[in-house]
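Now for the letters of each chain:
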Amino acid sequence: MSLLFDLPATPTLSIDGKTERFPVRRIYCVGRNYAAHAREMGRDDKEPPFFFMKPADAAVDANVAVSIPYPPMTNNFHYEVELVAAIGATLDNASVEAALDGVFGYAVGLDMTRRDLQLEAREKGRPWELGKSFSKSAPIGSIKPSHSHPDSQIRLEVNGEVRQKSTTGLMLWNVAEALSFLSKYEVLLPGDILMTGTPEGVGAVNPGEVMHASIEGLAAIEVEVK
Ligand code: MN
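This text gives an overview of the structure that appears in the document. (Residues numbered from 1 in each chain as written. Predicted model: local features only at pLDDT ≥ 70, side-chain atom pairs only at ≥ 80, totals over all residues. Heavy atoms only, no water.)

A separate point is the pattern of salt bridges. Evaluated as defined, the whole model comprises 14 salt bridges. Where K54 meets D111, a salt bridge forms, and the shortest distance between an N and an O atom there is 2.9 Å. Of this pair, K54 sits in strand β4 (residues 51-54) while D111 sits in the loop between β9 (103-110) and β10 (113-114); the two residues are 57 residues apart in sequence, bridging distant segments of the chain. When sorted by exposure, K54 lands in the same class as D111, which is buried. One salt bridge in this structure joins E161 and R163, with 3.3 Å as the shortest N-O distance. A relative accessible area of 30% places R163 in the partly exposed class. In this structure, a network of salt bridges that share partners links the residues K54, E80, D111, R115 and K132. (Salt bridge = Lys/Arg side-chain N within 4 Å of Asp/Glu carboxyl O. Helix = DSSP H or I, 4+ residues; strand = E, 2+ residues; numbered from the N terminus. Buried < 20%, exposed > 50% of the residue type's maximum accessible area, 1.4 Å probe, protein only.)

Here it is, written out as structure tokens:
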């Protein structure tokens, strides 16, 4: 079979202690998964989980300090620090009890957002793609292989100043529940990624600022906006 043209290489992420890399297939994101963040976005905190997606080329390997471009067509570029679950086995209509069997490992990630475009879409009842789904909008650190990750502190600093600080134990829908829910709608496959939502304290970053995102027990990431 000959292809009309070659596609860009599959984006990949680093794995703790391995030279092999994790190939990224699809990126699912949970919306408003911490009550305090749902409130700061002007929404009630008692909704079932909902999801949006980013393209695979949103993924940026942040195993070492990296920079991402300030994206076009926004004046309000926001950080959202999130626990990332990387899928390593098929999850098809998985129960909550079985869902974590499908997780290869965990990492720290940023769901970078053109907030002005997202909110405009939200108010008009339109999809969020232009606000959420763009290249290099998901810097993700090295993946730590493990089926589960304990509740732990999650934080984000901009130029050394703490902006977000919470615990993953405050997620409204934990990783197992979110994956079980999502796998009823779509078969999740190795290479898929779940970004599990951000706590309160989201805000804007500008060119020249450096974000430091961390979750206890996982490799921290440092991402500069260019
Ligand atoms: Mn998010």
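Each protein donor to the manganese ion is listed here as E80 (OE), E82 (OE) and D111 (OD); together their distances run 2.0 to 2.1 Å. Sequence positions of the donors to the manganese ion reduce to the motif E-x1-E-x28-D. Separated by 31 residues along the polypeptide, E80 in the loop between β7 (77-79) and β8 (81-87) and D111 in the loop between β9 and β10 bring together distant segments of the chain. This pair shows no difference in class: E80 is buried, exactly as D111 is. (Donors = N, O, S within 2.8 Å, 3.2 Å for Na, K, Ca; no water.)

If you trace the 3 strands from one edge of the open sheet to the other, you get β10-β7-β16, paired in antiparallel fashion. Each edge of the sheet is formed by a strand with only one pairing partner; in this case those strands are β10 and β16 (203-204). When β7 meets β16, the two strands line up antiparallel, connected through 2 bridges. Bridging across to β16, H78 finds its partner in A204. (Pairing = 2+ DSSP bridges.)

With that settled, the discussion passes to the sheet that holds strand β6 (residues 66-68). On the basis of which strands lie adjacent, the open sheet formed by 5 strands has the order β6-β18-β17-β13-β14 and mixed pairing. In this open sheet, the two edge strands, each paired with only one partner strand, are β6 and β14 (161-167). Between one strand axis and the next, the sheet turns through 20° on average, direction left out of account. (Axes fitted to C-alpha atoms, helices over the stretch in contact; angles between N-to-C directions.)

Take the pairing of β8 next. Within β8, 7 of the 7 residues are buried, which leaves it mostly tucked inside the rest of the structure. Of the pairings in the sheet, the one linking β8 to β9 comprises 7 bridges and is antiparallel in character. Across the sheet, the residue bridging to L83 is V108, located in β9. Examined bridge by bridge, β8 and strand β15 (residues 193-195) share 3 bridges and lie antiparallel to one another. Across the sheet, A86 pairs through a bridge with I193, a residue of β15.

Just geometry here; none of it tells us what the structure is for.
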